Amino acid sequence: MDEQYRQWRRKIIDSGQATGPSRLSYEDFKAAVMQGDDNGRLLNYVNTNIIFQAGVDFESRPMVVVSACGLPSPSDVDYERLLTLILFRLDQFVESDYTVVMLTSGAQHNPSWT
């Protein structure tokens, strides 16, 4: 994530989205990536169509569902940002054990990281 952070930080600074000094904090970076240039529409799409919590497993751990069939076309969205948003969402669960269920059947778009 560190390399991805540095790449996105540079992209955000170069695009003029960053304000203040060029040293962008992780929280500022995260906020800028989540907002993006689409006012958070991709973030909303990720949270409703790609990754979401679906209850708990038999050991009371949160179950996180990643649905690859909800992935948009790579020609429509920036997959680097998409993956970063998915990782941000998964970061919300790393405080404790969790179960990930990945659904790939019916996926029209298969990025190399699925």
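Definitions and cut-offs
Residues numbered from 1 in each chain as written. Predicted model: local features only at pLDDT ≥ 70, side-chain atom pairs only at ≥ 80, totals over all residues. Heavy atoms only, no water. Buried < 20%, exposed > 50% of the residue type's maximum accessible area, 1.4 Å probe, protein only. Helix = DSSP H or I, 4+ residues; strand = E, 2+ residues; numbered from the N terminus. Pairing = 2+ DSSP bridges. Right-handed = clockwise from strand over helix to strand, strands pointing away.

Novice: Lay out the pairing of strand β2 (residues 62-67) with the relevant residues and their values.
Specialist: Most of β2 sits out of view: 5 of its 6 residues are buried. Bridge count for strand β1 (residues 51-56) against β2 is 4 bridges, and the pairing is antiparallel. Within β2, the position partnered with Gln53 by the bridge is Val64. Here β1 folds back onto β2, and the loop between the two strands holds 5 residues, one of which, Ser60, carries a positive phi near 65 degrees. Bridging between β2 and strand β3 (residues 99-103) involves 5 bridges; their strand directions are parallel. What sits directly across from Ser67, in β3, is Leu103. For the crossover that starts at β2, traverses helix α4 (residues 79-91) and ends in the parallel β3, the hand is right-handed.

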